[in-house]
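Topology and contacts: notes
One-letter residues, chain by chain:
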Amino acid sequence: MMLLSRTSRSRYEFILHCLKAHGIRPSSILASPNDNVPESNIKDTFTRLSRFWVPTGGLTATDNEDAHAKLIRAGYLRQSHAGIFHMLPLGQRVQEKLENLIDKYMLQLGASKVSLSSISSQALWQQTNRLEGYGPELFRLTDRKDVSLLLAPTHEEEITTLVKKTVKSYKSLPLRLYQIGRKYRDEIRPRQGVLRSREFIMKDLYTFDYSTQSALSTYGQVRAAYSRLFDELKLPYLVAEASSGDIGGDLSHEYHLPTPVGEDNVITCNSCDYVANEELASTRLDPLANATSNTSSGDVLAANVWRGVSKDRSTLINVWYPASFSDGDISPYAIKSVLPGLDSSLKDPIAFWASVSAGPTGSSEPIRQQQLVNIIDYRLGSPFASALVTNSSPELLLPKDTTLDLSTLTTKYITSSINGDLLNTLRIRDSDDCPRCTPGKLKVQKAIELGHTFHLGTRYSDPLEAHVQIPSNLVEGKDGSSNAGHMMTVPMQMGCHGIGVSRIIGAVADHLADEKGLNWPRAIAPFEVVVIPAKGLENDGISVSEHLANPQGSRPIDLLLDDRPESLPWKMRDADLVGYPIIVILGKRWSTDRLCEVQCRRLSSVSYVPLEDISMYINRLLSQL
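So, here is what we can say about the structure in this document.

**A look at the overall build of the protein chain**
Within the protein chain one finds 18 helices and 26 strands. When contacts within the protein chain are restricted to residue pairs at least 6 apart in sequence, long-range pairs at least 24 apart make up 70% of them. Total accessible area on the protein chain is roughly 29900 Å²; 50% of this is exposed by carbon and sulfur atoms.

If you want it as structure tokens, here you go:
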């Protein structure tokens, strides 16, 4: 009694629970009126599901249910509008854990966290020539003073302007700032839940250096931090060489999770470390092995033609390729590499050919000079190109039923890439030859982009005049013997590094889900362990939960106790759907032998473990997840 009298009230209550859990009745001499502490006054070290809102029930699983439907049915999120979702408590815990994981690795980089406004100025975007280039996906709005604003899908302009106003000396660099916040994109067709939504959560890290050498060093450090972050998630990610797209810059890498529902194609080699996204990927070409006998003889009827049009509608495009392929094999990225103005968003480009020559209805503006560009795949050979030039006719070069007059068009032929190499107009296919190693064969994988790193250089600092003064002897390309006291003004070297928080949640859910439900890696699971007691064992469930949530000498376990009044089978099915990494069941074996049933669906593990060993056993399982 003396020992217990010196024990805290909550600890005393825990001891009583443990005695009862092991079938030991406390001695009557220990009892006192204060033994029964009101439950409302006890602060749990775990979460009770009866006090944690999870809207379950009322939704029936459908045939071929995808991961997004499971997220809704399990109570992680709800859709409010097309492409816009509310995050519910379970989903919020996953999001917060992911954000904390990102914070951890941003801190390792020495980055400081900011929060930028979601509203940006259209005038600011005009300064960097991105306002029109970004297209209709921008959410645009006007305030009561007719000031043109937008909901930012990205924050390069805003962060550059902020740093421009606050940093003047090179001694303040390198500077690394990041935020985790909401972004907006007016998707024409939102799909796959949070994988392609109109409002989404992203992490953006912006880096500022005074030299290219320093900026590239920063870029390498960020890439290393990204690899450590994705390693901790224990996901089979791919790091691909990538195109910088609308963001800009000349160096970038994408971080992909292979999955059949992915919208991107990632190309890998089975022999070396070559990995590239479809925009940048190439294959080793062999003109002798790929040239076809019919087309190499100059037979223009033995080829197919794919037709397109430029964004400004002034250029009509014919892409000639072997008849053994189809239009679906044409790579728009390959076409853009020789004709950047291609409008690849059109489903039926031919419909625009007839309207090109007409000009705007009722317009007095002169019609622009139009051209017809013929792009010829290397597989057709030079005889085909010569025959096409020699035997050109409206029936061959123009679509049927067109009103275009071939004589009014400037005709151009492209038979090689920008650097003079063989021109491949077709998509990379499985078993194509690797461009980097001789024995390697390429594999095309569907994947979801989770993150992206960009070396921007001066893409934004130049037009927004984000400059800094440095000693002339530190200026790259200058003679090191320059007067160190002379200061020069240079644009800051920038980097932009994003991680899609919402997208990772959706991608991980899809990647690990099975027929029973979701499965989460330990790092971002809403709870690491759920304890489910059978009816009549509710107090034992509290005791076991306290034991697991307060382990001696090991890391505390993030634990949930399912103390709802539903049946044990119902709660077990619900736990599988939610996707807790570890499920601890107090059932028949607990009643007879005091053994906990420990399930880990992802590891296909079911074991019966005594209470004194359970903490160590669960942590061993969690270390693999």
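That was the structure; now back to the text.
**Quick word on the packing of helix H15 (residues 538-549) against helix H18 (residues 611-622)**
Between H15 and H18, the least distance of the axes is 10 Å, while the angle of their chain directions is 50 degrees. Considering the angle they form, H15 stands oblique to H18. By crossing handedness, the relation of H15 to H18 is classed as right-handed. Between H15, through Val-544, His-547 and Leu-548, and H18, the contact on the second element is made entirely by Leu-611, Ile-614, Ser-615 and Ile-618.

**Quick notes on the nonpolar core**
Core analysis: the biggest nonpolar cluster contains 87 residues, and Tyr-76, Trp-520, Ile-582, Val-584 and Ile-618 have the highest contact counts within it. Core analysis: the second largest hydrophobic core is formed by 20 residues, Ile-159, Leu-173, Tyr-206 and Val-468 among them.

**Overview of the packing of aromatic side chains**
Aromatic rings considered in pairs are described by the distance between their centres and by the relative angle of their planes. All told, the structure shown has 10 aromatic pairs when counted by the stated rule. Ring geometry for Trp-125 versus Tyr-134: centroids 5.5 Å apart, planes at 75 degrees, classification edge-to-face. With respect to class, Trp-125 is no different from Tyr-134; both count as buried. Three or more aromatic residues joined by ring pairs make a cluster, and in this case those are Tyr-226, Phe-230, Tyr-237 and Tyr-255.

**Some remarks on the sheet that holds strand S16 (residues 371-376)**
Overall, mixed pairing links the four strands, which are arranged S14-S15-S16-S17 in an open sheet. A strand with exactly one partner marks an edge of an open sheet, and here the two such strands are strand S14 (303-309) and strand S17 (410-414). Averaged over all pairs of adjacent strands, the angle between their axes in this sheet comes to 20 degrees, without regard to strand direction. By the bridge criterion, seven bridges tie S14 to strand S15 (residues 315-322) in an arrangement that is antiparallel. Within S15, the position partnered with Trp-306 by the bridge is Val-319. Its contacts with the sheet place helix H12 (residues 381-390) against S14, S15, S16 and S17, and it is angled at close to 155 degrees to S16.

**Some points on the sheet that holds strand S5 (residues 119-121)**
With respect to topology, three strands assemble into an open sheet ordered S5-S7-S6, the strand pairing being antiparallel. The open sheet is flanked by S5 and strand S6 (139-142), the only strands paired with a single partner. Across the sheet, the mean angle from the axis of one strand to that of its neighbour is 40 degrees, orientation sign disregarded. In this sheet, strand S7 (residues 148-151) lies alongside S6 in antiparallel orientation, the contact comprising four bridges.

**Observations concerning helix H16 (residues 568-578)**
Taken together, the buried positions of H16 are occupied by Leu-568, Lys-571, Asp-574, Ala-575, Asp-576, Leu-577 and Val-578. In this structure, the buried side of H16 is in contact with helix H3 (67-73), helix H4 (89-108), strand S22 (529-533) and strand S24 (582-586). Positive phi shows up at Gly-579, right after H16, with a value of about 90 degrees.

**Topic: the pattern of salt bridges**
If you walk through the whole model with that rule in mind, you get 30 salt bridges. When the shortest N-O distance is used, the salt bridge between Asp-558 and Lys-97 registers 2.6 Å. Note that Asp-558 is positioned in the loop between H15 and strand S23 (559-561) and Lys-97 in helix H4, a separation of 461 residues in sequence. For Lys-97, a relative accessible area of 17% puts it in the buried group. The shortest N-O distance in the salt bridge between Glu-132 and Arg-140 comes to 3.9 Å. The network of salt bridges with common partners includes Arg-185, Glu-187, Arg-191, Arg-196 and Glu-263.

The rules we used
Residues numbered from 1 in each chain as written. Predicted model: local features only at pLDDT ≥ 70, side-chain atom pairs only at ≥ 80, totals over all residues. Heavy atoms only, no water. Helix = DSSP H or I, 4+ residues; strand = E, 2+ residues; numbered from the N terminus. Contact = heavy atoms within 4.5 Å. Areas by Shrake-Rupley, 256 points an atom, 1.4 Å probe, with all protein chains shown as cover. Axes fitted to C-alpha atoms, helices over the stretch in contact; angles between N-to-C directions. Parallel < 35°, antiparallel > 145°, perpendicular 65-115°, else oblique. Left-handed = near helix turned anticlockwise from the far one by under 90°. Core = buried A, V, L, I, M, F, W, Y, C linked by side-chain atoms within 4.5 Å. Buried < 20%, exposed > 50% of the residue type's maximum accessible area, 1.4 Å probe, protein only. Phe/Tyr/Trp six-rings, centres within 6.5 Å; stacked < 30°, edge-to-face > 60°. Pairing = 2+ DSSP bridges. Salt bridge = Lys/Arg side-chain N within 4 Å of Asp/Glu carboxyl O.

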